[in-house]
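Structure at a glance
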Amino acid sequence: MNQNLRINGERLLSRLAEMAQIGATEKGGVCRVALSDEDKVGRDLFIEWCQAANCDIAVDQIGNIFARRNGSNEDSPAILTGSHLDSQPTGGKFDGVYGVLAALEVLETLNDHDITTIHPLEIVSWTNEEGARFAPGLTGSGVYTGVFDLEEAYACVDKDGFILGEELLRIGYAGIAAPGGRSIKAALEIHIEQGPILEEEGIPIGVVHGVQGMYWYDLVFEGQEAHAGTTPMERRKDPVAAAVSVIEKIYQLNDIYAPQGRATFGDFIVEPGSRNTVPGKLTVTLDYRHPEEAVLRTVDSEVRSIVDAESETRRIKGWVDEIWYMPPVTFSAECIAAVQHAADQLGYPSREMVSGAGHDAMYLAQVAPTGMIFIPCDNGLSHNELENAQSEDLIAGGNVLLHAILELANPQVN
Ligand SMILES: [Zn+2]
C-alpha cells in the first residue's frame, strides 16, 4: 500500500545539486535573481524535468510556471505545491528551490509507482519571490492572488533601470494565461526554516500553523534645532530624549508579549545630523511582529499612546506614521492536519511552528486552503551563500510532502 511509499532521495539531492550550478557562486551559494539570464536557465531546466515527467506546462502573464499531472477526476480542483526558483544575489542552494524540486520529486515518485490521484496535482514556481532585484518580493503569488496589480508589477524597475515586464519578455516567460483563477483544493509549500528552532531542538519537521503578522512604522519626533554648547538642557526641545524614552517603553511593552513579540528599531534618521547641534527631527523605524492579531492591535494603540505621552513630557511634536500592515495568516486546518498525519505516520518528530518570514504561501492562503512544512537548516542560516541543509532532513521533508499530498489528493491505487 501507499503507506510504505518513499521519495527517491538520491534523485532529489542530485537535482538540487544540478540546479545549484546555475548561478553558482565561489563561496558555494547561488546568484539566480529574478528574470536574470540565470533565472531563465533555471526555469528552462525545471520545465525540461517536468515535461520528462509527463506534466503539462502553463505559464501565466507574470511568469508563474504551473506543471500539471492529471487526476482521475479532471473536473476536481488541484492540489498545488511549490515555491520559487529565484534567489538572493548572495543566496543559498535551498531557499525556494527545495520547495519546487521536492514537489517535482513527489510527482515523479507517483509516476514510478503508477499511482493515480483523484485530484490533479500541480507544481508551481512563483516569479520573483525574493524581491532582491525587483522590490517588493512575492510578485508572482501577489499578482496571482490579486494583492498586486499586473500592470503595476510590470512597471517595477530595478536599480539599473531594467523594467520587470520587459525582462519577463526578454527571458521568454511572459505567458498568456491571466494570473489567478486556477481551481485549487489545497496548497502546500515546503521550505527550509531559515531560523534556528528546528536544528536547536533536533526536530526534522516543522508543521507550520501560520505566518506572524507585522507592522512597519516610522516614529517621528520633531523638536527644535539648537546650539549644543549654549542651550541649557532644561530649555531644549530634544527629539532624541523623547525617542529614547519611547524606545525603552516599547521594549518594556514587548516584554509582556515575549517570546513571540519582536520589536526592531532598524534605522534612525537624524536631522540635520550635526555633532554640535541639538537635532530638530528624529525618525525611528519600528518593525513589530507577533502571530496574534489581537496582540498586534493592542501594541498598535499602545505605541501611539507612548509616543503621544513622551512627546508631551519632552515638549516636542511626536507622531506615528504607519508604513505597512500585514495581518497574521492562519493556515487551513485540513492542510495542517495532512502535514501532521504524514509526519506522525512516517515516524518523524515534529513540532508546531509559526513562520517568522514571509512566503508565497502567505498570499496564496487568501484564495485557497494552504499549509507549509519546514525542515531545519544549518545554524538557522539563510539569505547567505553558506546556507545548508542536511540530506536526511531534505529527504524527510520530501516524504512528508508526499504523504500529505496523498492524503489531500485522495489517492487510488491502480
Ligand atoms: Zn524562499
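Residues numbered from 1 in each chain as written. Predicted model: local features only at pLDDT ≥ 70, side-chain atom pairs only at ≥ 80, totals over all residues. Heavy atoms only, no water.

1. Brief notes about helix α10 (residues 333–346)
Along its 14 residues, α10 runs 20 Å from first to last C-alpha, staying within 8% of the 20 Å computed at 1.5 Å per residue. Residues of α10 that are buried: C335, I336, A338, V339, A342, A343 and L346. All buried residues of α10 fall inside an arc of 160° around its axis, so they share one side. Residues of α10 that are buried sit in contact with β6 (184–192), β7 (205–211), β16 (350–355), β17 (370–375) and α12 (391–409). Taken from the residues just after α10, G347 is the one with a positive phi, measuring 75°. (Helix = DSSP H or I, 4+ residues; strand = E, 2+ residues; numbered from the N terminus. Expected span 1.5 Å × (residues − 1). Buried < 20%, exposed > 50% of the residue type's maximum accessible area, 1.4 Å probe, protein only. Arc of directions from axis to C-beta. Contact = heavy atoms within 4.5 Å.)

2. Examining the pairing of β6
Of all nine residues that make up β6, eight are buried, and the element is covered over most of its length. Where strand β3 (residues 78–84) and β6 come together, four bridges link them in parallel fashion. The partner of T81 across the bridge, within β6, is L188. The pairing of β6 with β17 spans six bridges and is parallel. (Pairing = 2+ DSSP bridges.)

3. Focus: empty space enclosed by the protein
A full pass over the atoms with the stated rule returns one cavity of 30 Å³ or more. The calculated volume of the largest cavity comes to roughly 60 Å³. Of all elements in the fold, only β3, β5 (121–126), β6 and α11 (360–364) reach the threshold of two or more residues within the lining of the largest cavity. Here the residues of the lining of the largest cavity are counted per class, giving seven nonpolar, three polar and two charged. (1 Å grid on protein atoms, 1.4 Å probe; cavity = no way out; pocket = protein on both sides within 12 Å on 5 of 7 lines; lining within 4 Å. Points joined across faces, edges and corners; volume = space filled by probe spheres on them. Nonpolar A, V, L, I, M, F, W, Y, C, P; charged D, E, K, R; others polar.)

4. Side note on the domain arrangement of the protein
When its domains are assigned, the protein resolves into domain 1 (2–211 + 328–413) and domain 2 (213–326). Each of domain 1 and domain 2 was reduced to a C-alpha centroid, and the two centroids are 38 Å apart. Taken together, the contact pairs seven residues of domain 1 with nine residues of domain 2. Taken together, both faces of the contact between domain 1 and domain 2 bury some 570 Å²; the carbon and sulfur share is 68%. Considering only the side of domain 1, the residues that lose the most area to domain 2 are P328, G356 and M362, jointly responsible for 65% of the buried surface there. (Domains from an automatic or database assignment. Buried area = accessible area lost by both parts, 1.4 Å probe.)

5. A word on the nonpolar core
In terms of nonpolar packing, the biggest core is built from 88 residues, with L16, M19, F46, Y98, L101 and I123 touching the most fellow members. Once residues lying within four places of it in the same chain are set aside, the contact partners of Y98 are L12, L16, I190, H191, I192, I375, D393, L394, G397 and G398. Membership of the second largest hydrophobic core comes to 26 residues, among which are Y257, F265, V295 and V299. (Core = buried A, V, L, I, M, F, W, Y, C linked by side-chain atoms within 4.5 Å.)

6. Overview of the pattern of salt bridges
Evaluation of the coordinates by the stated rule reveals 20 salt bridges. In this structure, E74 engages R68 in a salt bridge whose closest nitrogen and oxygen atoms are separated by 3.0 Å. Classification of R68 as buried rests on a relative accessible area of 18%. Salt bridges linked by common partners bring D37, R133, D158, E167 and R170 together as one network. (Salt bridge = Lys/Arg side-chain N within 4 Å of Asp/Glu carboxyl O.)

7. Notes on the pairing of β7
Across the seven residues of β7, six count as buried, placing the element largely inside the fold. Relative to β16, β7 is paired through six bridges, and the arrangement is parallel. Paired with G210 across the two strands is V354, which belongs to β16. Judged from the three bridges that link them, β7 and β17 form a sheet pairing that is antiparallel. Across the sheet, residue V208 finds its bridge partner in β17, namely M372.

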